[in-house]
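What follows is each chain in one-letter form.
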Amino acid sequence: MKKKFFRKAVCLAAAVILIASSLDAAGSQTKDKIKSTGKKIDELEEQKKDAQEKVGALKEEESSLKGELAGLNQQLSDVSAQINDLEGQIQQKQEEIQTTKEELKEAEIVEEKQYESMKLRIRFIYENGNTDLITALLGSESLADLLNRVEYVTEMNRYDRQMLSDYEETCKQISSKKKTLKNEKQELIAMQESMEQKEEQVNGLIAKTQTSIQSKQNEISNAQETVEDFETQIAKMKAYEEELERKKAEEAKKQAAAQKAAAQKAAEQQKGNSGSGTSGTPAAPSGGGSVTANASDLAMLAAIVECEAGGESYEGQWAVASVVVNRVKSGSFPNTISGVIYQSGQFSPVASGRFAVVLAQGAGSSCTQAASTALSGSTNVNFLYFCRASSGVEGTVIGNHVFY
């Protein structure tokens, strides 16, 4: 009888080992894929970050170019205003020149009259000499008449000198005014040409800057497309990671069910043969009782909660911390926080390296509080596993996770 029982026990143990081995092999492949996918996601996130930084730098360059363009546009506006002002001055100078030309014509007429008068006077003196003057003086009837005639002769000489002086002054004024007007007009034309050249230069700079801005905008567009490509790849990889997590959860669930079924069968058979036995199913603790932990354990638990449920509600964070504590207390997993967290293939963030980053930086206050509460013995779920709620696994759903 004992030999028969022993053979059944051996067969049952072999079956359990065979089932566990096949499930472990499948689970190992899934874990390896999850690890590889996590690393790929991290690489894509880093590449996306670099691409976003490039977009930011290009936008800063674009902003700088737009600032330069605004300055050039203002400069062009100022130059255009100066050109308009010069055109007004030139127009005004043209009017002054026209007025001066009319004045010059009148002055030239006066000059011509003065010249003709002087020619007649000189001709008269040349032809008659001083004969008429002497005759006029000798023909005086009295001293008074002589003095009058002398005064007359003196006035005539003074008049001749004044006429010559006026003629010379008129010629001088005409020459000076012509020269002044010519110089002023040349200066205005030179200034206008200079402003037009400056306007052309500014227009060239504006065109060049606009081309640079367009080129920069094209670079920004290409860089943004690169960011979008990375986002698309990351989304696909995360969807794949989610599917792997779901598969991992299914495999874990099957493994647990197989172990439970085998343990129950062994217990029933043992009870049938010996009349006593225990349920060999590793179950989650019923709750209560704190876990011995130090500051390092708290930091690690808070970090894994941050990685797995950083974006969840406090209840969801507390539930993840509770699962880790439940495993420590279950007897089916390592009996320390670090042992549970670093157990091969159990937590994807550990395999991908994200856990190490968060641990180095320190977890947030909410995740740290959830970890501290669970370590003190207060847990809000009585489960040993969790996965994404979208995986289809049945259990208690809290936020985006299902616990089972």
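Look a little higher up for the structure.
Predicted, not measured: the structure shown is a model, and the values here were computed from it. (Residues numbered from 1 in each chain as written. Predicted model: local features only at pLDDT ≥ 70, side-chain atom pairs only at ≥ 80, totals over all residues. Heavy atoms only, no water.)

Student: What is the right way to look at the overall build of the protein in this model?
Tutor: Within the protein one finds nine helices and three strands. Along the protein, from the amino end to the carboxyl end, the secondary structure elements read α-α-α-α-α-α-α-α-α-β-β-β. The 404 residues of the protein split such that 28% are buried. Within the protein, residue pairs in contact and separated by at least 24 positions form 76% of the contacts whose partners lie at least 6 positions apart. Of the roughly 24700 Å² that the protein leaves accessible, carbon and sulfur atoms contribute 51%. (Helix = DSSP H or I, 4+ residues; strand = E, 2+ residues; numbered from the N terminus. Buried < 20%, exposed > 50% of the residue type's maximum accessible area, 1.4 Å probe, protein only. Contact = heavy atoms within 4.5 Å. Areas by Shrake-Rupley, 256 points an atom, 1.4 Å probe, with all protein chains shown as cover.)

Student: What is the right way to look at helix H9 (residues 365–375) in this model?
Tutor: Since there are 3.6 residues in each turn of an α-helix, residues three or four apart along the chain are aligned in direction. Every buried residue of H9 is accounted for by Cys367, Ala370, Ala371, Thr373, Ala374 and Leu375. Directly beyond the C-terminal end of H9, a positive phi value near 110° is found at Gly377.

Student: Please clarify how the side chain of Glu62 should be interpreted in this entry.
Tutor: Its location among the elements puts Glu62 in helix H1 (residues 2–128). For Glu62, a relative accessible area of 12% gives the class buried. Separated by 3.0 Å, the side chains of Glu62 and Gln217 make a polar contact. Residue contacts for Glu62: discarding those within four places in its chain leaves Lys216, Gln217 and Ile220. (Polar contact = N/O pair within 3.5 Å; in protein donor to acceptor, adjacent residues only side chain to side chain.)

Student: How should the pattern of salt bridges be read in this particular structure?
Tutor: Where side chains of opposite charge bring their charged atoms close, a pairing between them can arise. The final tally for this structure, using the stated rule, is four salt bridges. For Lys48, the salt bridge identified is with Glu231, shortest N-O distance 3.6 Å. Here Glu231 lies in helix H3 (residues 143–274) and Lys48 lies in helix H1, a separation of 183 residues in the sequence. What makes Glu231 partly exposed here is its relative accessible area of 35%. The partner of Lys66 in a salt bridge is Glu62, and the shortest N-O contact between them spans 3.5 Å. With Lys66 and Glu62 both in helix H1 and four residues apart, this pair spans about one turn of that helix. (Salt bridge = Lys/Arg side-chain N within 4 Å of Asp/Glu carboxyl O.)

Student: I tried to follow the packing of helix H4 (residues 295–309) against H9 on my own but got confused; where do I start?
Tutor: The description of two packed helices rests on the angle between their axes and on the distance between the axes. Between H4 and H9, whose axes approach to 8 Å, the crossing angle comes to 125°. When the interaxial angle is binned, H4 and H9 end up oblique. As H4 runs across H9, the sense of the crossing is right-handed. Residues Leu298, Leu301, Ala302, Val305 and Glu306 of H4 pack against Cys367, Thr368, Ala371, Ser372 and Leu375 of H9. (Axes fitted to C-alpha atoms, helices over the stretch in contact; angles between N-to-C directions. Parallel < 35°, antiparallel > 145°, perpendicular 65-115°, else oblique. Left-handed = near helix turned anticlockwise from the far one by under 90°.)

Student: Before we go on, may I ask you to explain the sheet that holds strand E1 (residues 386–388) in this structure?
Tutor: Strands pair in a sheet through their backbones, by hydrogen bonds, and they do so in one of two ways: parallel or antiparallel. The strand order across the open sheet built from three strands is E1-E3-E2, with neighbouring strands paired in antiparallel fashion. Strands with a single pairing partner mark the edges of an open sheet, and in this sheet they are E1 and strand E2 (396–398). For this sheet the average axis-to-axis angle between neighbouring strands, irrespective of direction, equals 30°. Alignment of E1 against strand E3 (residues 401–403), held across three bridges, turns out to be antiparallel. Each residue of the ladder has a partner; that of Arg388, found in E3, is His401. Running at roughly 40° to E3, helix H5 (residues 314–330) makes contact with E1, E2 and E3 of the sheet. (Pairing = 2+ DSSP bridges.)

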